[in-house]
Amino acid sequence: MSEEEVVDLRDFHHPVTSLFQVDGKDEDLFLSKEVVDEFWNTGYIANIPVLTEEQCDQILQDFNKLQGMSEHDPHFHLMYEYHKNQSGDDSNILFHTLGQWRVFDSFHDLIFARKITVPSSQLLEEGKRRSVRWWHDQAFAKPAHHGGVVAWHQDYSYWTRTQPMNHLTVHIALDDQTIENGTLHYIPGSHRWTRDGGKPLPVVDFDFKDMESIKTILTEEEVEAFDPQPVELKKGEASFHHPLAVHGSYGNRSDGPRRATVLNYFADGVKSASDADLIGSSGAFVPKGEKMEGVFFPLVYELSEE
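What comes next concerns the included structure. (Residues numbered from 1 in each chain as written. Predicted model: local features only at pLDDT ≥ 70, side-chain atom pairs only at ≥ 80, totals over all residues. Heavy atoms only, no water.)

Attention now moves to the overall build of the protein chain. For the protein chain, the helix and strand inventory stands at 5 helices and 14 strands. A compact globule built from 306 residues should have a C-alpha radius of gyration of about 19 Å, and the protein chain, at 18 Å, falls within 12% of that. Relative to its full complement of 306 residues, the protein chain shows a buried share of 54%. In the protein chain, the share of contacts with a sequence separation of at least 24, taken over all contacts with a separation of at least 6, comes to 79%. A total of about 13300 Å² of accessible surface is found on the protein chain, and carbon and sulfur atoms cover 47% of it. (Helix = DSSP H or I, 4+ residues; strand = E, 2+ residues; numbered from the N terminus. Rg over C-alpha atoms; globule rule 2.2 N^0.38 Å. Buried < 20%, exposed > 50% of the residue type's maximum accessible area, 1.4 Å probe, protein only. Contact = heavy atoms within 4.5 Å. Areas by Shrake-Rupley, 256 points an atom, 1.4 Å probe, with all protein chains shown as cover.)

Note that the residue after Gln163, namely Pro164, is joined by a cis bond; omega there is 0°. Looking at the element boundaries, Pro164 is found in the loop between β6 (162-163) and β7 (167-173). We note that His145 has phi near 75°; this positive angle belongs to a residue other than glycine. With respect to the helices, strands and loops of the structure, His145 is situated in the loop between β4 (132-142) and β5 (150-153).

Another point: the nonpolar core. With 63 residues, the main nonpolar core has Phe240 and Phe297 as its most contacted residues. Filtering out sequence-adjacent residues up to four positions away, Phe297 remains in contact with Arg133, Trp134, Trp135, Phe266, Leu278, Ile279, Ala284, Val286 and Met292. The next biggest cluster of nonpolar side chains, apart from the first, holds 10 residues, and it includes Val149, Leu218, Phe226 and Val246. (Core = buried A, V, L, I, M, F, W, Y, C linked by side-chain atoms within 4.5 Å.)

Now for the packing of aromatic side chains. The tally for this structure, following the rule as stated, stands at 17 aromatic pairs. Both rings, one in Phe63 and one in Phe95, keep their centres 6.2 Å apart while their planes meet at 50°; by these two values the pair is tilted. Within this pair, whereas Phe63 is found in helix α2 (residues 53-67), its partner Phe95 is found in strand β3 (residues 95-98), the two being separated by 32 residues in sequence. Accessibility expressed as a relative area gives 3% for Phe95, which makes it buried. For the pair Phe296 and Phe297, a centre-to-centre distance of 6.2 Å together with 50° between the ring planes defines the contact as tilted. An aromatic cluster is present here, built from Phe63, Phe76, Tyr82, Phe95, Phe104 and Phe107 joined pairwise through their rings. (Phe/Tyr/Trp six-rings, centres within 6.5 Å; stacked < 30°, edge-to-face > 60°.)

Attention now moves to the sheet that holds strand β9 (residues 229-230). Spatially, 4 strands are ordered β5-β11-β8-β9 in an open sheet, and the strand pairing comes out antiparallel. Two strands bound the open sheet, and with one partner strand each, they are β5 and β9. (Pairing = 2+ DSSP bridges.)

Turning next to α2. Look at α2: 20 Å from first C-alpha to last across 15 residues, which is about the 21 Å you get at 1.5 Å a residue. Turning to α2, its buried residues number three or more, namely Gln55, Cys56, Ile59, Leu60, Asp62, Phe63 and Leu66. Close packing links the buried residues of α2 with β2 (81-83), β3, α3 (105-110), β4, β7 and β12 (258-267). (Expected span 1.5 Å × (residues − 1).)

Another aspect to go through is the side chain of Asp109. Structurally, the position occupied by Asp109 is in helix α3. Of the side chains with opposite charge, Lys65 comes closest to the buried, unpaired Asp109, at an N-O distance of 13 Å. Among the polar contacts listed, one links the side chain of Asp109 to the side chain of His108, at a separation of 2.7 Å. Discounting residues that sit within four places of it in the chain, Asp109 has contacts with His14, Pro15, Val16, Thr17 and Phe20. (Lys, Arg positive; Asp, Glu negative; His and termini not counted. Salt bridge = Lys/Arg side-chain N within 4 Å of Asp/Glu carboxyl O. Polar contact = N/O pair within 3.5 Å; in protein donor to acceptor, adjacent residues only side chain to side chain.)

Counted residue by residue, β7 has 7 buried out of 7 residues, so it is predominantly covered. Note that β7 and β12 share 7 bridges and pair antiparallel. What sits directly across from His167, in β12, is Phe266. Taken together, the 4 bridges between β7 and strand β10 (residues 237-241) define a ladder with antiparallel strand orientation. Counterpart to Val170 in the pairing with β10 is Phe240.

Quick look at the pattern of salt bridges now. A full pass over the atoms with the stated rule returns 14 salt bridges. Arg102 is paired through a salt bridge with Asp8; the nearest N and O atoms lie 2.6 Å apart. Pair noted here: Arg102 is in the loop between β3 and α3 and Asp8 is in the segment before α1 (33-42), with a separation of 94 residues, a long-range link. Note on accessibility: Arg102 and Asp8 belong to one class, buried. Arg10 is the partner of Asp11 in a salt bridge, and the nearest nitrogen-oxygen pair spans 3.4 Å. On the basis of relative accessibility, which here comes to 21%, the residue Arg10 falls in the partly exposed class. Taken together, the salt bridges that share partners define one network made up of Asp8, Arg10, Asp11 and Arg102.

Structure, rendered in structure tokens:
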């Protein structure tokens with residue numbers, strides 16, 4: 001598609017390229033029972049290969065364009081959020097965006113990739129498979145030497161405008177992730193940490209910059225169980241995590257960038273819990289109590305039978 005045309009890829013509820021095409025049966029892409037059990041036991045699984053190095057390189061070409069965008073770009077209004085540095089601290093830079101699936105072919109087609117959506121169908125509700133619907137994407141970049149942190153948080157703390165909680169996050173490494181460059185860390189078992197009858201922990205830092213701020217609202221038992229575990233992902237590997245899994249990442253002090261793309265899904269049938277715009281000021285309105293669907297929330301994987 002021509003870069004001069006302002007095409008909104010939200011209108012295409014199917015891949016527009018063959019970049020992530022995979023042949024074969026869904027069964028060939030299923031996670032094993034042992035891996036699924038690990039997800040529900042710890043709140044996450046990691047080192048799941050979902051992309052080739054060549055596919056990552058294709059995404060990185062668009063990632064570079066994404067990082068070079070400005071408010072004068074004709075596609076800029078399609079983005080949900082765009083932060084050159086969300087921390088506001090030049091010594092701890094965190095590039096963070098939402099909405100690039102509407103702008104770039106590779107980010108758009110990635111949300112439909114069967115090596116991602118098929119396993120996701122196993123992780124939205126314990127004990128059964130579900131059809132998968134799109135929520136939103138994110139891109140993160142931490143530059144060499146002074147890349148910022150992403151403070152500890154639960155994703156569903158930001159998503160309570162959609163219910164019930166049948167959500168999933170897929171974090172995909174576009175560079176090898178190491179402890180030195182700020183790989184993702186999880187707190188095993190923290191997907192069971194709730195408040196007031198199942199609600200998520202409250203948000204304590206909307207800009208993700210105060211790494212340890214979450215500890216101010218944890219119970220003594222949760223603080224005692226707070227044992228961060230790094231997941232060092234290879235380029236093209238993903239981690240899948242529960243919407244209540246506490247996770248975060250430290251700064252990048254390595255000689256290279258640390259870039260990742262994040263795909264957020266929910267089960268088909270999840271409903272809106274708000275009459276407000278569901279994603280920033282995008283115009284994504286779904287009346288409270290009605291099913292999440294429409295141009296912003298396409299069905300990316302449908303079971304043959306529910």
